[in-house]
Amino acid sequence: MNPAHENLLTFLARQTVSAATPLILAGIGELVSELAGVIDIGIEGLMLTGCIAAYTIAGATGHGSLGLATAILAGMAVAALFAATTISGRADQIVSGTALNLLALGLSGTIWSLYQNWRGNHDLSTALPHGAGYSRLAVGALARLPFFGPVFFDQYSLFYATVLLAAMVWGIIRFTRMGLILRALGDSPQACQACGIAVRTWRWLAVLFAGGCAGAAGAYLSIMRTHAFATDMTGGQGFVVLALVIFGRWSMGGLILGCLFFGAINSLQQTLQTARYTSHYAALHALQSVPFEVFQMLPYVAALAALAVLSRNHPGPHRLGRPWPEEISL
Amino acid sequence: MLQLINISKRFGPVAALDNVTLSLRRGAIHGILGENGAGKSTLMNILFGLAHPDTGKIELDGRRVRIVSPVRAQRLGIGMVHQHFKMVESLTVLENISLAAARGLWSPGRRELIGRIRAWTDKLHWNLDLEKPVADLAVGRRQRVEIVKALCTGGKLLILDEPTAVLTPQEVAELIPPLRAVAAAGMTVLFISHKLAEVQKLCDRITILRKGRVVYTGAINELDAGQIAEKMIGARLKFPRLTDHQEQPDNAPRRDSGELAPPRLELRNVSIRGSRHGAWPLLNVNLSVRSGEIHGIAGVDGNGQDFLIRCILGQLEPADGNVIFGDSPDSHRKTPGTRSGTPLGYIPEDRLREALVLPLSVQANLMLKRYHTSPFAWMGLCRFGRWRQRSAELIGQFDIRCPDAQTPVGTLSGGNQQKVVVARELGEKPRLILAVNPTRGLDVGASAFVMNQLLAARREGAAILLVHSDLDELLAISDRVSVLYNGQLQETSWPDASREQIGKMMLGIA
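Predicted model only: the values in this text are computed from it and were never measured. (Residues numbered from 1 in each chain as written. Chains lettered and ligands numbered in written order. Predicted model: local features only at pLDDT ≥ 70, side-chain atom pairs only at ≥ 80, totals over all residues.)

Visitor: So what's going on with the overall build of chain B? Residues and values would help.
Guide: Check the secondary structure of chain B and you find 16 helices and 21 strands. Across the 510 residues in chain B, those meeting the buried criterion constitute 44%. Excluding contacts between residues fewer than 6 apart, the proportion of contacts in chain B whose partners are at least 24 apart in sequence is 69%. (Helix = DSSP H or I, 4+ residues; strand = E, 2+ residues; numbered from the N terminus. Buried ≥ 20, exposed ≤ 12 C-beta atoms within 10 Å, placed from the backbone. Contact = placed C-beta atoms within 7 Å.)

Quick look at the structure:
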């Protein structure tokens, strides 16, 4: 479909879904991890790891799928580091997660410089080679539907995978014994232990899963949505994911709604930033004197406000962030 | 059926179990009696795979088994009901049982489980609402869920760790027939307790542990209560007698000793609004506590005790009515810290969470309330010399058994931990004392100690409000008794009213 035929609403909706996809993907992982009782502040770092891993491998090999696979594995590898310190080592999850974010920021920057140098020897451009990034995948005739077509059926392939994953994880949490265990882990590891459930093994798996999801979300940002990498390109989206899991009251539906809400405000402010110069409406021209940072701030302010209003009276998993076993016997 | 042979287990220098040999018969209810720290919990943990013996062996049906984990224990047919329930509150009854009793990752096994659960609940004549979240169940109900859960996972041996500690007298009585039904179905029940009366009513055989050793095993009817207590504790005890309230001159009520003392604490028409619309956790409560008396509040847990206590502590503001300390009518507007002139001694129900800082030393815990006041501080600096001196006095006076004052409180036994709380709260002679289930989880000796301390404080003129779910202990030392039922407080004519009348009031049928 030709973008020129899209009306503003369709355009905004499409941008919203596009912006929400990585948040939902990383959010699924974070949700699973938090239900199991581990709060992974390092989600931002994991996403950034995914960004750089996907970009460099896709750029070096020319295969986007290799980049995506590497991003997932890299996310899991860094998550394993986090799991080793917090679950096996019983270190504080907030502190370890923060350290992880700093590590990922430094590491991705270093790899980025090395990659640029290496590429510089062959070719001055740092854009992804043609074909290395993903392009949108239109789903046959469905993509020609009015409104729904461009919004839901002309997205990157990872979007469809995210929808499937969300449905699967929702079903698992809701209907299977695995989901029961997952929900129990965060609320009462004591009860799980008494039931013969290996608390730490389960938490390891949940954190690895979250790492994989966040890595894939990073890949979405670098080799799908932008075909580029920039230092700290996640720009706090990982922290937004943390907030959105709380916003969604640890439910899949709430999480997705929150991500769409955040994505909507984000695409709205981006459109507004352009519209103040291009629009026919004089009222919008008045906004030209407003610094663009104010617009960029809007989604975060909105997320904060929504969080303050909506997340009251829901404590979340009782043992979120506590190591297990809680006390080492004397 | 199950045999433990020469089991020993040490924790550091302490022998928790010393050469314990125990043999359980099929279809029997076997009681394990012992004081706190006698090794009961360790024994149970070994049976359930949560701890591993240093020496000795376990035989099940004649075959040697190694119980390396709770899963292994369950596979062997051993189910356990822990004293502190191990349930996930946000999940439903069925989900909790599925967590424990089903296997595999995918199917929660609803249909098959419901069949197994119904088979047991029919035998026990219980009615469980399987779809209800555990968080909505009262303690007695939760215990039933725990028992059914253990039955569904086990099948041969049911271990009950202090099952009656959280129950009302009525609920305890109601627990006996179902447990007999379990035994009649061919299972062995292991019943751990330190309450003699229940063990006598329920058990066929008993084993008495003292300091990690078996001091007696045999049929229950071979010993009388006095002999059992003697074996448990090693010597006869001085304990406020639970019956014959009137006969003890020391405990006689002071109601008619002429002029009534002025109330130290008064609640006038206090109501508290609940979180749900139209719910009143406390409604028009009138209450007074005078110097030199113990006012006992009886009631089944969950009838408003929490709200009453938090209201008195100033943690909850009443929607209506006044809480008055001494004679200042507006004192309910002050925070707990600024209710000066009325030092309040508070023994909370949950000493681990509300009263003690477990990793801190005995000394630091003893000073928690006074560390910043003269003479324990000077210009904002701690005077450790005074701390040491005062805590040494308190440790002696309240007979706290600890290696020294610098020992972390968390390493002491439950009874000694409670002594630390009592020493801190009563040691400075407060004029008003609020005690909530002060003997919870304590053995006979420690319970007697706590109750005697309350009686001593009363003799010295303290006004004591005692909220206690153990009716017998409450009646033994209270001068006046009121019953809290469904948020409403009603004073009884105790000691003229009978125990049975009060019990009926607790259940709202009188």
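On we go.
Visitor: Describe in detail the overall build of chain A, supporting the description with residues and values.
Guide: What chain A contains, in helices and strands, is 13 helices and two strands. A globule of 330 residues ought to have a C-alpha radius of gyration of about 20 Å, and chain A, at 21 Å, matches this closely. Burial status across chain A gives 44% buried among its 330 residues. Expressed as a percentage of contacts within chain A between residues at least 6 apart in sequence, the contacts between residues at least 24 apart total 78%. (Rg over C-alpha atoms; globule rule 2.2 N^0.38 Å.)

Visitor: Requested: an account of unusual backbone geometry, with residues and values cited.
Guide: All names here are of chain B. Here the residue pair S374 and P375 is connected by a cis peptide bond, since its omega of 0° sits within 30 degrees of zero. Mapping P375 onto the fold places it in the loop between α11 (362-367) and β16 (377-378). Omega for the peptide link from W494 to P495 comes to 10°, which places this bond in the cis form. You will see that D61, though not glycine, has its phi angle at about 50°, which is positive. Mapped onto the elements of the fold, D61 is located in the loop between β4 (55-60) and β5 (63-65). Even without glycine at this site, M379 takes up a positive phi of about 50°. Among the secondary structure elements, M379 is positioned in the loop between β16 and β17 (381-382).

Visitor: Residues and numbers for the domain arrangement of chain B, please.
Guide: All names here are of chain B. Domains assigned within chain B are domain 1 (2-233), domain 2 (237-343 + 429-510) and domain 3 (356-427). Between domain 2 and domain 3, the contact holds nine residues from the first and six residues from the second. Among the elements that line the side of domain 2 that touches domain 3, the one with the most residues is helix α14 (residues 444-459), at five residues. Of the residues contributing to the side of domain 2 that touches domain 3, the split by class is six nonpolar, two polar and one charged. (Domains from an automatic or database assignment. Nonpolar A, V, L, I, M, F, W, Y, C, P; charged D, E, K, R; others polar.)

Visitor: I'd love a proper account of the packing of helix α2 (residues 43-61) of chain A against helix α10 (residues 237-247) of chain A, names of residues and values included.
Guide: All names here are of chain A. At their nearest, the axes of α2 and α10 sit 7 Å apart, and the two run at 135° to each other. In this view, α2 runs oblique relative to α10, as classed from their interaxial angle. Two packed elements cross with a definite hand, and for α2 against α10 that hand is right-handed. Judged by residue contacts, I43, E44 and M47 of α2 engage Q237, G238, F239, V241 and L242 from α10. Each residue belonging to the contact of α2 with α10 can be placed in one class, and the counts come to five nonpolar, two polar and one charged. (Axes fitted to C-alpha atoms, helices over the stretch in contact; angles between N-to-C directions. Parallel < 35°, antiparallel > 145°, perpendicular 65-115°, else oblique. Left-handed = near helix turned anticlockwise from the far one by under 90°.)

Visitor: Quick one: what's the story with the nonpolar core, residue by residue and with numbers?
Guide: Core analysis: the biggest nonpolar cluster contains 150 residues, and A54 and A216 of chain A together with I159 and V189 of chain B have the highest contact counts within it. Top contributing element to this core by residue count: helix α9 (residues 199-226) of chain A, with 14 residues. Excluding its chain neighbours within four sequence positions, the residues that come into contact with A54 of chain A are G67, L68, T70, A71, G218, A219, S222 and I223 of chain A. Counting residues in hydrophobic clusters, the runner-up holds 70 residues, among them V285, L356, L454 and I464 of chain B. (Core = buried A, V, L, I, M, F, W, Y, C linked by C-beta atoms within 7 Å.)

Visitor: Quick rundown of α10 of chain A? Include the residues and the values.
Guide: Residues and elements named next belong to chain A. The element α10 is largely enclosed, with a buried count of nine among its 11 residues. Looking only at α10, the buried set comprises Q237, G238, V240, V241, L242, L244, V245, I246 and F247. Of the residues trailing α10, R249 is marked for its positive phi of about 50°.

Visitor: Tell me about the pairing of strand β15 (residues 344-347) of chain B, residues and numbers included.
Guide: Residues and elements named next belong to chain B. Because side chains alternate across β15, one face comprises the buried residues L344 and Y346, and the other comprises G345 and I347, equally buried. The sheet contact formed by β15 and strand β18 (residues 432-436) spans four bridges and is parallel. Considered in β18, the bridge of G345 is made with I433. (Pairing = 2+ DSSP bridges.)

Visitor: Tell me about the environment of A102 of chain B, residues and numbers included.
Guide: With respect to the helices, strands and loops of the structure, A102 of chain B is situated in the loop between α3 (93-101) and α4 (110-124). Taking the C-alpha atoms as reference points, A102 of chain B and T153 of chain B, 51 residues apart in sequence, are found 8.2 Å from one another. Residue contacts for A102 of chain B: discarding those within four places in its chain leaves R177 of chain A together with P108, G109 and L113 of chain B.

Visitor: If you had to explain the confidence of the model for chain B to someone new, which residues and values would you point to?
Guide: Residues and elements named next belong to chain B. Within chain B, residue pLDDT values average 83, and 88% of them lie at 70 or more. Contacts for the low-pLDDT stretch residues 236-258, under 50 throughout, to residues beyond four places or in other chains number 32 contacts. For this predicted complex, the interface confidence reaches an ipTM of 0.82, while the overall pTM sits at 0.72. (pLDDT = per-residue confidence, 0-100.)

Visitor: How would you sum up the interface of chain B and chain A? Please name residues and give values.
Guide: Facing 22 residues of chain B, the contacting portion of chain A comprises 16 residues. At the level of secondary structure, the elements contributing two or more residues to the side of chain B that touches chain A comprise α2 (70-75) and α3 of chain B. In terms of residues, the side of chain B that touches chain A owes the most to one element, α3 of chain B, which gives four residues. Of the residues contributing to the side of chain B that touches chain A, the split by class is 11 nonpolar, eight polar and three charged.

Visitor: Outline the pairing of strand β6 (residues 78-81) of chain B, listing residues and values.
Guide: Residues and elements named next belong to chain B. Because side chains alternate across β6, one face comprises the buried residues I78 and M80, and the other comprises G79 and V81, equally buried. In this sheet, strand β7 (residues 157-161) lies alongside β6 in parallel orientation, the contact comprising four bridges. Paired with I78 across the strands is L157, a residue of β7.

Visitor: Could you give an account of the sheet that holds strand β21 (residues 488-491) of chain B, naming the residues involved and the relevant values?
Guide: All names here are of chain B. On the basis of which strands lie adjacent, the open sheet formed by six strands has the order β15-β18-β19-β13-β20-β21 and mixed pairing. Here the strands that pair on one side only, and so sit at the sheet edges, are β15 and β21. Here the average twist between neighbouring strands, direction ignored, is 20°. Alignment of strand β20 (residues 480-485) against β21, held across four bridges, turns out to be antiparallel. The residue bridging L484 from the neighbouring strand is L489, located in β21. Helix-sheet contacts for helix α13 (residues 414-426) involve β15 and β18, and the interaxial angle to β15 is about 170°.

Visitor: Would you mind going over the sheet that holds strand β14 (residues 320-325) of chain B in detail, with residue names and values included?
Guide: Backbone hydrogen bonds are what pair the strands of a sheet, in a parallel or an antiparallel way. All names here are of chain B. What the three strands build is an open sheet, ordered β12-β11-β14; its pairing is antiparallel. The sheet is open, and its two edges are formed by β12 (282-290) and β14, each paired on a single side. When strand polarity is set aside, the average angle formed by the axes of neighbouring strands in this sheet is 10°. Sheet topology note: the strand β11 (residues 263-272)/β14 ladder contains five bridges and is antiparallel. What sits directly across from R268, in β14, is N322.

Visitor: Go over α2 of chain A, please, and point to the residues and values.
Guide: An α-helical turn contains 3.6 residues, so any two residues separated by three or four positions project in the same direction. Residue and element names in this part refer to chain A. The end-to-end C-alpha distance of α2 is 27 Å, a good match for the 27 Å that 19 residues give at a rise of 1.5 Å each. Within α2, 17 of the 19 residues are buried, leaving the element largely enclosed by the surrounding structure. Just beyond α2, the residue with positive phi is G62, at close to 85°. (Expected span 1.5 Å × (residues − 1).)

Visitor: So what's going on with the packing of helix α7 (residues 177-187) of chain A against α3 of chain B? Residues and values would help.
Guide: Between α7 of chain A and α3 of chain B, the shortest axis-to-axis distance is 10 Å and the interhelical angle comes to 100°. In this view, α7 of chain A runs roughly perpendicular relative to α3 of chain B, as classed from their interaxial angle. Here R177, L180, I181 and A184 of chain A of α7 of chain A come into contact with α3 of chain B, specifically with E95, S98 and L99 of chain B.

Visitor: Outline the environment of S135 of chain A, listing residues and values.
Guide: Residues and elements named next belong to chain A. Structurally, the position occupied by S135 is in the loop between α4 (93-122) and β1 (137-138). Overall, the presence of 11 C-beta atoms within 10 Å leaves S135 in the exposed class. Spatially, the C-alpha atoms of S135 and V95 are 38 Å apart, while their sequence positions differ by 40 residues.

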